[in-house]
Amino acid sequence: MLADAGEARAARAARPRASFDSLSEDLAGEDPLRRNGAAARLISLAESEGLDAADRAALSEHIRSSAPVLGITGTGGAGKSSVLDELLVRFRTERPDLGSGSVSRIGVLAVDPSKRRTGGALLGDRIRLNAIGGTEVFVRSLATRHSGTELANVVDDALLILRAAGCGLLVVETGGIGQGDSRIVDISDFSLYVMTSDYGAESQLEKIDMLDLADAVALNKADHPGAEDALFAVRRAFQRARSLPRHAPAPVLPTVASRFADPGLDRLYAVVRDGLAGRETALPSPVSDRPDDLLADVRLIPPARAGYLAEIADTLRGERNRVAAEADRAARIEHLEAALDELRAGGGAEEAARALEARLRDVRAELDAGSRELLAGWSDLVARYRAPRYRTQVRDRVREFSTHRETLSGTWLPRVALPGFTGNRDRLRFLLEENLPGHYPFTAEFFPFRREEESPRRQFAGEGGPARTNRRFHLLADSEAATRLSVAFDSVTLYGDDPARRPDIFGKIGEGGVSIATLDDMCELFRGFRLTDPATSVSMTINGPAPLILAMFLNAAVRQEVQAFEDEHERPPSADEYRELKTATLQTVRGTVQADILKEDQAQNTCIFSTAFALRLMGDVQEFFIRNEVRNFYSVSISGYHIAEAGANPITQLAFTLANGFTYVEYYLARGLPVDAFAPNLSFFFSNGLDPEYAVMARVARRIWARAMKLRYGAGERSQKFKVHIQTSGRSLHAQEVQFNDIRTTLQALVATNDNCNSLHTNAYDEAITTPTPESVRRAVAIQKIIRNEFGMAWNENPLSGSFVVAQLTDLVEEAVLAEFDRLNARGGVLAAMERQYQRNRIQEESLLYETRKDSGEIPIIGVNTFLAAPDSGSPESVPLARSTPEAKEDQVARVEAFRRRHRAAAPEALRRLQEVARAGGNVFAELMETVQVASLGQITQALYEVGGRYRRAM
């Protein structure tokens, strides 16, 4: 901005009048893009040079009608931008008549304060506004600069420019204000004050000037504790300022702007709309208006369950103390028995013997019945593991496993090593803290033995279109007994868009993952793989639009079975036969969809729907799974991998992931789902690096999960079993000395194998630079094969049991996780902590610490900051870059266009039914199973935005 008025006058004098006249003509033209562009440039002109009387007179000639001004102000962090966004949604939907015809264009001026020392301003409101797409809404961010108030000096001229541009409603939003700031009322036809319940003592309300002047007050974040008391106090202050009777209606309304279709915001909108139009709105009686009544279905976790993480931490610490006490009792019993035997062997001392017997009975009675059973059954358990074959029940069948493997030297290596404890103290502690694989608390593993016929290796791919990725899958699955496919999607798919020629989309099609937009694409992706084959499973790494992609996948599996039926019977199935095929397919298909929306908000950022609606979709998927007996597919893969990739250390990765998992448990329980009906469908996903904590991460998670599910939630054995997929760390891959990456990946894979991950993906060494090449993928696959088939110690399945350092590290990491649970609980739980961006800030701080220490050399990275190649060692190794070609991108655009043309008659009705189900509170996923047959990914996401809301990004 120019320093003084003299400079501004000089700049105006040097400015060609023709430039202003040209912009003025565009402002009054019919082209909305040119009109918005002219408005933007004229406001910039007003900021930098100012407008004179002739300029203002010229602009006034273009004004066809007076546009009312809605002024929005409030305290910092009250959610003004969110309230504004929700009001814009409703104005755009209804297009009300505010006195000069229906509102078709809205102009928004968002003012933020300039810092006095630096002069800078964070103009970030545009990022959080979802309702400003297209040309109907014009948004301009302004800085206060040196105005001395919460408004910029240019606001009056900017309002004039927007009236000349034909806006039927003008909105001015200020930055956060203090108690005495009220400049907004001077430029507003209707002023709205947004606040929360965090205003301090009730006496502070008397100091807020806007409570005396505002036309309406929004008490936002009314789902927070204390909102009901705050509403009563603010209404009373509002009434006192206007000398109203105690029970007179007052426009002080509770709102939850973070909630899509919030009824409180519906009422606020009606008050604002009618106020701008000069009409009065009927207000509810304060006596009957209670926030808790309005918020019955808002709180995703019921208030009574808000302390679930603290309860879990207390339960697990209590169990740790109980185990120690039980082990001491077992030792005392053993000592008393030995003393009694010695006493009897020596003869005499009958009175002492009787006293010992009495004490022994007391201590035996103190020992838990479960502990007595464990000790009594130890000998039989040892005998089962020492026999040549081990028999166990898996669901409805008995499986047998060999218990030993013979080495080249003729040594019979036990697949499960047994401890050599001689005393009951150590034996019972082992059984209660760790136990053998397949036995509670499943610290070592939840399967008694690994399945020898199925490798834990996943075949991970995603590039270009579905046909190209299908070819890569067939390459990876070649010669494998089991087909375990894992799909990476491109960013266009991850954000729920269709391939298109738009500049912001076209270049991303098929880059870094496969492009999937239709059911036809999904069928092509898995062509040649029988999805109902028990040896086939599919994992899909997608979150925001995960329910839509899952519906496509399940439909693709059903289509395969229908095609197989038609090939066999040479006719299509009847309606009853189709239902049977569909039911059998859903009950057979195996796999996982990531769908972890909490982690997305905390770390990865591919959220597309509002958090509440995204969680509702997850719950709908799980309800559908329960209703249709989908037992072999995991409805969510609760992911720590992306938390780690964003920069979290291993303890934070583990703690946040488990906390998210327990949050899903609480949410599903709040929906009325039985724990044993949904918990077996939950799975987890970790990153493995080289820090020592990674060596015990899965075992700590298994113990925490099993104990919490059993002791806190009363869940059965299947629900107690923690299923985890591990991927080697992508963050540990470096572009320098890329060949060294295979060494890091090998060590990480060995750590994951020793800790008994249930499935494993090894990254290719060149992923730091490009999509993996066939050569690098083959080497990554070889890492797992060599560990599994050549590394002899991997034949043993509990190699960590009995290690002193592993035992200590397990306890240390577990307590660190419980301490993080306490910190999350102090912030109101996972969801409340997310509102404060606690998890995101924590991850960023840990990432900065790592990068700082790496940069200083305190953390040595071989080939990066130490053991560097000599300067004259030649040019860096050339790595071929994998890219999707323009032809492949164009082919994907053509595919989705062809799909939409074929179904253009059926799609609108299908999308309408989907929206009706969503509005009526029905199961959206069940309807999605039908919708995806005729509508594309982009069509469906756009339809759901209208009924579920877009994700509003926090800054």
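Right, let's walk through the structure included here.

Rules behind the numbers
Residues numbered from 1 in each chain as written. Predicted model: local features only at pLDDT ≥ 70, side-chain atom pairs only at ≥ 80, totals over all residues. Heavy atoms only, no water. Buried < 20%, exposed > 50% of the residue type's maximum accessible area, 1.4 Å probe, protein only. Helix = DSSP H or I, 4+ residues; strand = E, 2+ residues; numbered from the N terminus. Pairing = 2+ DSSP bridges. Contact = heavy atoms within 4.5 Å. Expected span 1.5 Å × (residues − 1). Polar contact = N/O pair within 3.5 Å; in protein donor to acceptor, adjacent residues only side chain to side chain. Axes fitted to C-alpha atoms, helices over the stretch in contact; angles between N-to-C directions. Parallel < 35°, antiparallel > 145°, perpendicular 65-115°, else oblique. Nonpolar A, V, L, I, M, F, W, Y, C, P; charged D, E, K, R; others polar. Core = buried A, V, L, I, M, F, W, Y, C linked by side-chain atoms within 4.5 Å. Patch = residues over 30% accessible without salt bridge, like charges linked within 9 Å, V, L, I, M, F, W, Y side chains within 5 Å. Areas by Shrake-Rupley, 256 points an atom, 1.4 Å probe, with all protein chains shown as cover. Salt bridge = Lys/Arg side-chain N within 4 Å of Asp/Glu carboxyl O. Phe/Tyr/Trp six-rings, centres within 6.5 Å; stacked < 30°, edge-to-face > 60°. Lys NZ or Arg CZ within 6 Å of the ring centre and 35° of its normal.

## Some details on the pairing of strand β4 (residues 169-176)
- By the criterion of burial, β4 is predominantly enclosed, with seven of the eight residues buried.
- Summarising the sheet, strand β1 (residues 69-74) and β4 pair through five bridges and their orientation is parallel. Note on β4: the bridge partner recorded for V69 is L170.

## Brief notes about the environment of A233
- Note on placement: A233 falls in helix α9 (residues 227-241).
- Non-local contacts of A233, meaning those with residues more than four positions away in its chain, are made with Y199, E202 and L205.

## Structural notes on helix α25 (residues 650-670)
- Between its first and last C-alpha, α25 extends 30 Å over 21 residues, near the 30 Å set by a 1.5 Å rise per residue.
- The N-cap of α25, judged by a side-chain oxygen 3.1 Å from the amide nitrogen of I651 a few residues on, is N649.
- G672 lies just past α25 and shows a positive phi near 90°.

## Thoughts on the packing of helix α31 (residues 804-826) against helix α33 (residues 838-856)
- At a minimum axis distance of 11 Å, the contact between α31 and α33 shows a crossing angle of 135°. In terms of their interaxial angle, α31 and α33 are classed as oblique. Listed contacts from α33 to E820, R823 and L824 of α31 are Y838, Q839 and R842.
- For the contact of α31 with α33, the class distribution of residues is two nonpolar, one polar and three charged.

## Points about the nonpolar core
- F526, M540, F553, L658, F662 and F821 are the most contacted members of the largest nonpolar core, which totals 132 residues.
- F662 has contacts with Y308, L309, I312, I704, W705, A708, M709, Y713 and F821, leaving out every residue within four places of it along the chain.
- Judged by nonpolar contacts, the second largest core, of 53 residues, contains A38, V69, C167 and L211.

## Here we look at a nonpolar patch on the surface
- A cluster of nonpolar side chains, namely L690, I743 and L747, defines an oily patch on the protein surface of about 280 Å² accessible area.
- Structurally, I743 is set in helix α29 (residues 741-754).
- Assessed through its relative accessible area of 52%, I743 is described here as exposed.

## A word on the side chain of E433
- With respect to the secondary-structure elements, E433 resides in helix α15 (residues 424-433).
- Not counting the four nearest positions on each side in its chain, E433 is found in contact with R320, V323, P441, T443, R703 and R707.

## Observations regarding the packing of aromatic side chains
- In the structure shown here, the tally under the stated rule is 29 aromatic pairs.
- Their ring planes at 75° and their centres at 6.4 Å tell us that W378 and F430 sit as a pair that is edge-to-face. With W378 in helix α14 (residues 369-386) and F430 in helix α15, the pair connects residues that are 52 residues apart, well separated along the chain.
- Look at W378 and you get buried, because its relative accessible area is 10%.
- One aromatic cluster is present, formed by F662, F684, F686, W705, Y713, F722 and F821 through successive ring pairs.
- Lying over the aromatic face of Y713, R712 brings its terminal NZ or CZ to 5.6 Å of the ring centre.
- Of note, R827 hangs over the ring of Y838, and the distance from its end group to the ring centre comes to 4.1 Å.

## A look at the pattern of salt bridges
- Under the defined criterion, the tally for this structure stands at 71 salt bridges.
- Close ionic contact of R90 with D266 constitutes a salt bridge, the shortest N to O distance being 2.8 Å. Of this pair, R90 sits in helix α5 (residues 80-94) while D266 sits in helix α10 (residues 263-276), and the two are 176 residues apart along the sequence.
- Accessibility expressed as a relative area gives 9% for R90, which makes it buried.

## A look at the side chain of D620
- If you trace the backbone, D620 turns up in helix α23 (residues 611-627).
- Polar side-chain contacts of D620 include one of 3.0 Å to the backbone nitrogen of V924.

In short, the description is geometric, and any link to function would need to be established separately.
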